[in-house]
Amino acid sequence: MNFTGRMNIFAAALISLASCFAHRADAAGVQILSLNGPWQVALTGGNEWLPAKVPGCIHTDLLAAGRISDPFYRDNERTIQWVGETNWTYRRAFEVSAADLAHDRVLLRCEGLDTLATVRVNGRELARTDNMFRTWEFDVKPVLKTGTNAIEISFESVLPYIQKCNAERTLPEWAGPHEPKGRAWVRKEPCNFGWDWGPVFITCGIWKNIELVAFDEARLADVAVLQDHSGKKGVKLAVQIAVETTHSSALQALVTVTQDRQPVAQSTVNLVDGKAAADLMVAHPQLWWPAGMGKQPLYEVRVDLLNANHEVLDSSVKRIGLRTIELLPADQTHSIRFAVNGVPFFAKGANWIPSDPFASRVTPEKLRRYVADAVAVNMNTLRFWGGGYYEEDALYDACDEMGVLVWADCKFACSSYPAFDDKFMENVRQEIRDNVRRLRHHPSIAVWCGNNEISLLTKPEWSAESMGKADYDKLFSGLIGGEIKALAPQALYVPGSPEVGDLHFWQVWHGGKSFDAYRTLNGFMSEFGFQSFPEPKTVDSYTTNEDRTSLHTPIMDWHQRSAGNGNKKISDMMERYFQPAKDFDSALWLSQILQGYGIKTGAEFWRQNMPQSMGCIYWQYNDCWPVASWSSVDYYGRRKALHYMARRFYAPVLVSGLEDTTNQSVAIYVTSDLLKSSPGRLTWEVTDPKGASLTRGTEKLKLPAQTSRCAKQLDLRELAEKHGASNLLVWLKMEVRGQPASENLVTLVYPKELALADPGLKPAIRKTQDGFRVTLTAKSPALWTWLTLKNADAGFSDNFVHLRPGSPVEIVVKPSHPMTDAEFASALQVHSLFDTYNPSR
Ligand code: BMA
């Protein structure tokens, strides 16, 4: 059947898709016809058309059509590799009126085509594209007609392409055993080809908005906002405007700055040669701060493009925050560190990866929840790692609003890239321009970074294992650095991570060392991590009973991608620190306690050593599918033990201990990120594992602002001799201005050596307005006590807490669906470390 023949059936089937141009909500002139929504998809050359959804991708379309089964279940991934090896075509019809076509210019705008695409309108080839990160615009006025039009976009599998390129010249890279080689030849999300925490799903499709854009006279092509904080009268904004015109006419730009809808400053400027710059003064500026250091006031900068009749041709709104940012170099007493508004601070956070292999499934609400969950555990920084895709505006918006600074990697990771290829370089140049223009106004962006870890595979010359240094510099310093400097002259840029005094420390996970190895170095830690399993509910979602007979069944291994038998690394480390788990579920939970214990060891040490260490960004925050990984929040948004522990080890005021097992002493550190010096009280108590007090003490302290120091040295030799080191629990508490600020527990031995008794945990339940308050009491110390609900998810105000007799702990539980008192009481389960190994529990 030829295309026209197919068109008739197609047009009839899609009659409901007919749409008309709509004015952009905020502008009179530019008109938009969204082509999002229902499309159809078929094998290229085939004639069985399935319903499709745009934005989307082939995997989600086939899933919705029932043509593939859940890609995450067991090893289904293996059976659907054909999807990424196949060429696919998307199509739809749309209506255009004569009035629509009367506009000076009519463009097809594609915000994201994944990846090797051929775009045809009414049977005419418009373009071939080769970069999923770019925004493409094509002049479609000559090919459109009044009435029904047809658009068809064919996607060629990237696999033959990268194989061909790699056969001609192999690009050295780090890739897992079942990951296709040569991913760096194509500008497509690197982890789409698999990663050491991610599946191989080679997607294709229209993954972002697609629309027709029509306008007369002119439209805004670019708006940039620069800030000058040097004056006494306020913050001066320089708004740089560029327009695209269809014919020469007198144009003006009206620039309005508002805060909470109240006008703050306004200016009108004439456009000369399509350009203008407006200077505006924001008097009494309210500065934007990272979370924990102040508020996040946001201002809107609106530009209205006016023609000679004062009609609005186009508008743009950028939401900004007023702040300066610096990355200060390391010196003898400091590691590198960020300073916002002149105030250096300790960066606390984690590394972000794409939260789904199918990007269009990620909703703004989901992204907002992740950012809120980061701030809830006292993070102020996220690093958007370089192997994913340039993150959505919604994620940056949430970071702006909640005060999370972003270390924004450009999307290059763990491979060498063909910087010797001019076409490739030009493609990258356009990609950087598109994304920097889209994102540069966000106050949350602390630093742009060229790549992840490629300096580690760079040598003076190209070889089978390395990228040549000259090409590395050409791509990451020259091209990307140059573009960012030109487009965002006030932004910070570093060519790569780790490269500027930040450290990726992998000797524990990849090197098999114990957690103590974290205590051997200082710096700005931009990566370090240890894996755990997700909780039983999540593991249940991808396994059968038989898969859960051990941590090392084929399906448990399938959902583990780290080189060198990751699941064994976890169980070996569990054995090193903890008594053997009594069953499968206990082992999953114990792996989380282990992970939290390990990351806490590092995080507390680096905070103790502030300012020699000024950053702790653990690997990794989130997951893109249900898997054993380094994450602290799993694919379904369920917090792992590490996430709860992060709230404590990232607390603004931290009391922590550094044990010396040889000399049997504990150095007590008090670390304050507070911007003001504060009065506090430190309390320590040593008990035996039954909770009997052996010694205690308290001391008033002054906590100087943003300082860490050893406040007390506890000599435990006598107690250790008398009771045995494995019978000592050192409980620490810090109060600030009479309020509890931080609590901690330190031991001289590994947890497996502690002679814990049955803690006899008891919950008392009280219904609250939107959940239940559970008050936990214990007869003897209960370590890492956590609550779960049988067959239901819930939000827990805290979890994995240490309990002592006489010190009840309250946890507020908000079940994911309404429950009666009786339902809640029968669903509530209380566990602690003791239960993980005691067979009778
Ligand atoms: C770092 C990251 C990732 C990787 C992680 C765990 O090197 O940059 O590429 O997933 O380690 O191995």
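The structure displayed is predicted, hence computed values, not measured ones.

Observations concerning the overall build of the chain
Okay, step 1: Secondary structure assignment for the chain yields 18 helices and 49 strands.
Okay, step 2: Its C-alpha radius of gyration of 29 Å places the chain within 12% of the 28 Å reference for a compact globule of 841 residues.
Okay, step 3: The principal-axis extent of the C-alpha atoms belonging to the chain is close to 90 × 70 × 65 Å.
Okay, step 4: Taking all 841 residues of the chain together, 60% fall into the buried category.
Okay, step 5: A separation of at least 24 residues holds for 69% of the contacts in the chain among residues at least 6 apart in sequence.
Okay, step 6: Split by element, the accessible area of the chain, about 32200 Å² in all, is 50% carbon and sulfur.
Okay, step 7: A gap of 4 Å separates the mean positions of the 90 positive and 95 negative side-chain charges of the chain.

Notes on helix α13 (residues 566-577)
Okay, step 1: Compared with the 16 Å implied by 1.5 Å per residue over 12 residues, the 17 Å span of α13 between its first and last C-alpha is a close match.
Okay, step 2: Along α13, the residues that are buried comprise G566, N567, I570, S571, M573, M574 and Y577. Angularly, the buried residues of α13 cover 160° about the axis, an arc narrow enough to put them on a single face.
Okay, step 3: On the buried face of α13, the contacting elements are α12 (554-558) and α14 (584-608).

Things to note about the side chain of T788
Okay, step 1: Relative to the helices and strands, T788 resides in strand β45 (residues 782-789).
Okay, step 2: Assessed through its relative accessible area of 7%, T788 is described here as buried.
Okay, step 3: A distance of 2.7 Å separates polar atoms of two side chains, one belonging to T788 and the other to Q829.
Okay, step 4: For T788, the side chain forms a polar contact with the side chain of H831, separated by 2.7 Å.

Observations regarding the packing of helix α9 (residues 422-439) against helix α10 (residues 469-487)
How two helices sit against one another is set out by the angle between their axes and by the gap between those axes.
Okay, step 1: Two elements in contact, α9 and α10, have axes separated by 10 Å at closest approach and are oriented at 35°. Read as a crossing pair, α9 and α10 show a hand that is right-handed. For the pair α9 and α10, the contacting residues are F424, M425, V428, R429, I432, R433, V436 and R437 in the first and K474, L475, L479, I480, E483, I484 and L487 in the second.
Okay, step 2: A class-by-class count of the residues in the contact of α9 with α10 yields 10 nonpolar, no polar and 5 charged.

Quick word on the pattern of salt bridges
Okay, step 1: If you walk through the whole model with that rule in mind, you get 48 salt bridges.
Okay, step 2: One salt bridge in this structure joins R219 and E137, with 2.5 Å as the shortest N-O distance. Here E137 lies in strand β10 (residues 136-139) and R219 lies in strand β16 (residues 218-228), a separation of 82 residues in the sequence.
Okay, step 3: For R219, a relative accessible area of 10% corresponds to the buried category.
Okay, step 4: Residue class for E137 comes out partly exposed when judged on its relative accessible area of 30%.
Okay, step 5: The salt bridge involving R383 is made with E527; its shortest N-O contact spans 2.8 Å.

A closer look at the nonpolar core
Okay, step 1: Counting residues in hydrophobic clusters, the biggest one holds 220 residues, and the most contacted among them are L108, F412 and L475.
Okay, step 2: Once residues lying within four places of it in the same chain are set aside, the contact partners of L108 are L35, V119, V121, L126, W136, E137, F138, V140, I151, I210, E211 and L212.
Okay, step 3: In terms of nonpolar packing, the next biggest core, distinct from the first, is built from 27 residues, V223, L237, L280 and L313 among them.

Here we look at the sheet that holds strand β37 (residues 665-672)
Okay, step 1: Spatial ordering of the open sheet is given by β36-β37-β40, a layout of 3 strands whose pairing is antiparallel. At either end of the open sheet lies a strand with only one pairing partner, and these are β36 (653-660) and β40 (707-715). On average, each strand axis in the sheet is inclined to that of its neighbour by 20°, with strand direction left out of account.
Okay, step 2: Sheet topology places β37 next to β40; 8 bridges connect them, and they run antiparallel. The residue bridging Y669 from the neighbouring strand is C710, located in β40.
Okay, step 3: Against the sheet, α14 makes contact with β36, β37 and β40, and its axis sits at roughly 105° relative to β36, the strand it touches most.

What to know about the sheet that holds strand β22 (residues 312-320)
Okay, step 1: With antiparallel pairing, 4 strands are arranged side by side in an open sheet as β19-β18-β21-β22. Looking along the sheet, the strands with just one partner apiece sit at the ends: β19 (262-270) and β22. Taken over all neighbouring pairs, the strand axes of this sheet differ in orientation by 15° on average, direction set aside.
Okay, step 2: Pairing analysis gives 8 bridges linking strand β21 (residues 299-306) to β22, with the strands arranged antiparallel.

Some remarks on the site of the ligand
Okay, step 1: Close to the ligand lie W195, D196, W197, W385, C414, N452, E453, W506, H510, E527, W619 and W630, which account for all nearby residues.
Okay, step 2: Within the contact set of the ligand, an oxygen atom lies 2.8 Å away from a side-chain nitrogen or oxygen of E527.
Okay, step 3: Contact with the protein chains covers 95% of the free accessible surface of the ligand, which is 310 Å².
Okay, step 4: Each residue belonging to the shell around the ligand can be placed in one class, and the counts come to 7 nonpolar, 2 polar and 3 charged.

A look at the confidence of the model for the chain
Okay, step 1: Mean pLDDT over the chain works out to 96, with 97% of the residues at or above the 70 mark.
Okay, step 2: Here residues 1-19 is a poorly scored stretch, pLDDT under 50, and it has 26 contacts once near neighbours within four places are set aside; other chains count.
Okay, step 3: Below pLDDT 50 for its whole length, residues 23-27 participates in 12 contacts with residues either more than four positions away or in separate chains.

Description of the pairing of strand β6 (residues 105-110)
Okay, step 1: Where β6 and strand β15 (residues 210-215) come together, 6 bridges link them in antiparallel fashion. Pairing of L107 across the sheet is with V213, part of β15.
Okay, step 2: Inspection of the sheet shows β6 paired to β10 by 4 bridges, in the antiparallel sense. Considered in β10, the bridge of R109 is made with E137.

Basis of the calculations
- Residues numbered from 1 in each chain as written.
- Predicted model: local features only at pLDDT ≥ 70, side-chain atom pairs only at ≥ 80, totals over all residues.
- Heavy atoms only, no water.
- Helix = DSSP H or I, 4+ residues; strand = E, 2+ residues; numbered from the N terminus.
- Rg over C-alpha atoms; globule rule 2.2 N^0.38 Å.
- Buried < 20%, exposed > 50% of the residue type's maximum accessible area, 1.4 Å probe, protein only.
- Contact = heavy atoms within 4.5 Å.
- Areas by Shrake-Rupley, 256 points an atom, 1.4 Å probe, with all protein chains shown as cover.
- Lys, Arg positive; Asp, Glu negative; His and termini not counted.
- Charge placed at Lys NZ, Arg CZ, Asp CG, Glu CD.
- Expected span 1.5 Å × (residues − 1).
- Arc of directions from axis to C-beta.
- Polar contact = N/O pair within 3.5 Å; in protein donor to acceptor, adjacent residues only side chain to side chain.
- Axes fitted to C-alpha atoms, helices over the stretch in contact; angles between N-to-C directions.
- Left-handed = near helix turned anticlockwise from the far one by under 90°.
- Nonpolar A, V, L, I, M, F, W, Y, C, P; charged D, E, K, R; others polar.
- Salt bridge = Lys/Arg side-chain N within 4 Å of Asp/Glu carboxyl O.
- Core = buried A, V, L, I, M, F, W, Y, C linked by side-chain atoms within 4.5 Å.
- Pairing = 2+ DSSP bridges.
- Near = heavy atom within 4 Å.
- pLDDT = per-residue confidence, 0-100.

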